[in-house]
Amino acid sequence: DDILCATGRYCFMEQVARYWAFHVAGGECKGRSTAVECGSVTSCEYATADQPCCAWDADSNLCYPTVTEADYPGLPANEFVSLLGSDAFAAYLNARRDTLYAYVREFDAIFEQQLTGYRLSPDKQSLSMAWVTFNATYPAQNTVEQA
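Being a predicted model, the structure only gives us computed values, none of them experimental.

(A) Local environment of the pattern of salt bridges. Counted by the stated rule, this structure contains five salt bridges. Across the salt bridge formed by R96 and E112, the nearest N and O atoms sit 2.6 Å from each other. Of this pair, R96 sits in helix α4 (residues 87–102) while E112 is found in helix α5 (residues 106–115), placing the two residues 16 residues apart along the sequence. Taking relative accessible area as the criterion, R96 reaches 22% and is therefore assigned partly exposed. The buried category is assigned to E112, whose relative accessible area is 19%. Note that R105 is salt-bridged to D108, the shortest N-O span being 2.4 Å. With relative accessibility at 9%, the residue D108 sits in the buried group.

Okay, structure coming up:
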């Protein structure tokens, strides 16, 4: 993937899945400051014999979850809406936006803000609306053979 090329696909669900992987499912890995502490985490729902809860990166001295957004199983509707309306998810989205700006990816931050999103009901108990955007480029005019 070329980091300077916008994908043309903007979907807030990708951010939900990433948030889930690193802050919900992988939340026990946060704050572990040594490889031993990191390896001692065994109480996560998604651990298996082949995939522990957390892994240690010796280069950055960082404990991180082994689950990724690809492991996101979906959530029951009430948990999903609760996550969307949470202060923690809002803080994650703000930190993501700030990071995109810091790495000169402001176009992604702007596009994510404009081209995908959701609205919760006033009581934050249900999803009122959601939208995603896909870039599909078609020629302005087809030839007779193409039509």
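(B) Expanded view of unusual backbone geometry. Phi is positive for N61, close to 50°, though the residue is something other than glycine. Mapping N61 onto the fold places it in the loop between β2 (54–57) and β3 (62–65). One non-glycine residue with positive phi stands out, namely K124, at about 60°. Within the element layout of this structure, K124 appears in the loop between β4 (117–120) and β5 (127–131).

(C) Just the state of the cysteines, in detail. Throughout the structure, instances matching the rule amount to two disulfides. A disulfide bridge connects C29 with C54, and the sulfur atoms are separated by 1.9 Å. Torsion about the S-S bond of the C29 and C54 cystine: about -90°, corresponding to left-handed handedness. On the criterion of sequence distance, the pair formed by C29 in the loop between α1 (12–25) and α2 (35–39) and C54 in strand β2 is long-range, its members being 25 residues apart. Comparing C29 with C54 shows no difference in burial state: the two are buried. Between the sulfur atoms of C38 and its disulfide partner C63 the distance amounts to 2.2 Å.

Conventions adopted
- For every chain, the first residue of the written sequence is number 1, and numbering continues from 1 onward in sequence order.
- With pLDDT at 70 or above as the cut-off, local features in this predicted model cover only qualifying residues; side-chain atom pairs require 80 or more to be listed or tallied, and sums for whole chains, interfaces and linings still use all residues.
- As a convention, hydrogens and water are excluded, and side-chain values are obtained from all of the structure's heavy atoms.
- We define a salt bridge as a contact between a side-chain nitrogen of Lys or Arg and a carboxyl oxygen of Asp or Glu at a distance within 4 Å.
- Note on conventions: DSSP H or I runs of at least 4 residues are helices, E runs of at least 2 residues are strands, and numbering of each starts at the N terminus.
- Only protein chains enter the accessibility calculation, which uses a 1.4 Å probe; a residue is then buried when its area is under 20% of its type maximum, exposed when over 50%, and partly exposed in between.
- Cysteine sulfurs are considered disulfide-paired once they come within 2.5 Å of each other.

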